[in-house]
Amino acid sequence: DICLGIEIFNHYYEQAAREFPNAIEKLKFNEALKRMLNCLADDLIHNTQENIRRAAVKSIEDVRKHLTRLAGFSPEVDSERRQVKQFLYGTLYFSPMLQPEKEDAEQVIGDLFAHWVAKPDSLPLAYREKARQEPVARVVCDYIAGMTDNFIYEQYGRMKEGRL
């Protein structure tokens, strides 16, 4: 579906398939994704540098005074970026098939957030210390944001069992 829906991904997937014909699909996919993201990042950097050069920017004040955004993709790559975004929104972010997983993840995150805000002493030591100087909710958000999926579900299980 991704190859059919995203031209730039398909381009890099075909490259990876030619270069690594015996690789498993997941590795070809990962290589294509890496190349696509590199293309987007490189274009953003180079196009922004060119915009800055054309605008004759010499200081941060020049950036602030400039009437249009200087950081951005080239028109061609921005079109590809929009295609990626459209595909992701249509097939992933708002996918009815993935809605149960999304709801489950929201429940897990919400329950753990409420638990740690109510019981900050159950946070790991470094986060407990941080919570003495910063708002607990902010510290809990930072802690949760750094978790892998497996770890957050492990913590959720521990919380449900009363071991957290």
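Just above, that's the structure.
Worth saying up front: this structure is predicted, and the values here are computed from it rather than measured. (Residues numbered from 1 in each chain as written. Predicted model: local features only at pLDDT ≥ 70, side-chain atom pairs only at ≥ 80, totals over all residues. Heavy atoms only, no water.)

Chemist: Explain the packing of aromatic side chains to me, please; I cannot follow it from the model alone.
Modeler: Summed over the entire model, instances satisfying the criterion amount to 6 aromatic pairs. With 6.2 Å between their ring centres and 25° between their planes, Phe-9 and Tyr-13 make a pair best called stacked. Here Phe-9 and its partner Tyr-13 are both found in helix H2 (residues 7-19), 4 residues apart, which amounts to about one turn of the helix. With respect to burial, Phe-9 and Tyr-13 carry one shared label: buried. Where Tyr-127 meets Tyr-143, the ring centres are 4.6 Å apart and the plane angle is 50°; that geometry is what we call tilted. (Phe/Tyr/Trp six-rings, centres within 6.5 Å; stacked < 30°, edge-to-face > 60°. Helix = DSSP H or I, 4+ residues; strand = E, 2+ residues; numbered from the N terminus. Buried < 20%, exposed > 50% of the residue type's maximum accessible area, 1.4 Å probe, protein only.)

Chemist: Before we go on, may I ask you to explain the state of the cysteines in this structure?
Modeler: Any covalent bond linking the sulfur atoms of two cysteines counts as a disulfide. This model, assessed by the stated rule, comprises 0 disulfides. Looking at the unpaired Cys-3, the closest cysteine sulfur is the one in Cys-39, lying at 15 Å. (Disulfide = S-S within 2.5 Å.)

Chemist: Sorry, what's going on with the environment of Asp-149 here?
Modeler: As for its placement among the helices and strands, Asp-149 is situated in helix H9 (residues 149-160). As for Asp-149 and Ala-105, which are separated by 44 residues in sequence, their C-alpha atoms are 9.1 Å apart.

Chemist: When you look at a nonpolar patch on the surface in this model, what are you seeing that I'm missing?
Modeler: On the surface, Tyr-89, Leu-92, Tyr-93 and Phe-94 cluster together into a nonpolar patch covering about 420 Å² of accessible area. By secondary structure assignment, the location of Phe-94 is in the loop between helix H5 (75-93) and helix H6 (99-118). We classify Phe-94 as exposed; its relative accessible area is 57%. (Patch = residues over 30% accessible without salt bridge, like charges linked within 9 Å, V, L, I, M, F, W, Y side chains within 5 Å. Areas by Shrake-Rupley, 256 points an atom, 1.4 Å probe, with all protein chains shown as cover. Salt bridge = Lys/Arg side-chain N within 4 Å of Asp/Glu carboxyl O.)

Chemist: Where do I start with unusual backbone geometry in this structure?
Modeler: The phi angle of most residues is negative, glycine excepted, and most peptide bonds adopt the trans form. Although it is not a glycine, Ala-56 sits at a positive phi angle of roughly 55°. Secondary-structure assignment places Ala-56 in the loop between helix H3 (25-54) and helix H4 (60-65). Taking relative accessible area as the criterion, Ala-56 reaches 45% and is therefore assigned partly exposed.

Chemist: Help me understand the packing of H6 against helix H8 (residues 136-145), please; the structure alone is not making it clear to me.
Modeler: In a packed pair of helices, the relevant descriptors are the angle between the two axes and the axis-to-axis distance. Viewed as axis vectors pointing N to C, H6 and H8 meet at an angle of 135°, and their least axial separation amounts to 9 Å. By the angle between their axes, H6 is oblique relative to H8. Viewed along their axes, H6 and H8 form a crossing whose handedness is right-handed. Residues Ile-109, Leu-112, Phe-113, Trp-116 and Val-117 of H6 touch H8, and the partners they reach there are Val-136, Ala-137, Val-140, Cys-141, Tyr-143 and Ile-144. Counted by class, the contact of H6 with H8 contains 11 nonpolar, no polar and no charged residues. (Axes fitted to C-alpha atoms, helices over the stretch in contact; angles between N-to-C directions. Parallel < 35°, antiparallel > 145°, perpendicular 65-115°, else oblique. Left-handed = near helix turned anticlockwise from the far one by under 90°. Contact = heavy atoms within 4.5 Å. Nonpolar A, V, L, I, M, F, W, Y, C, P; charged D, E, K, R; others polar.)

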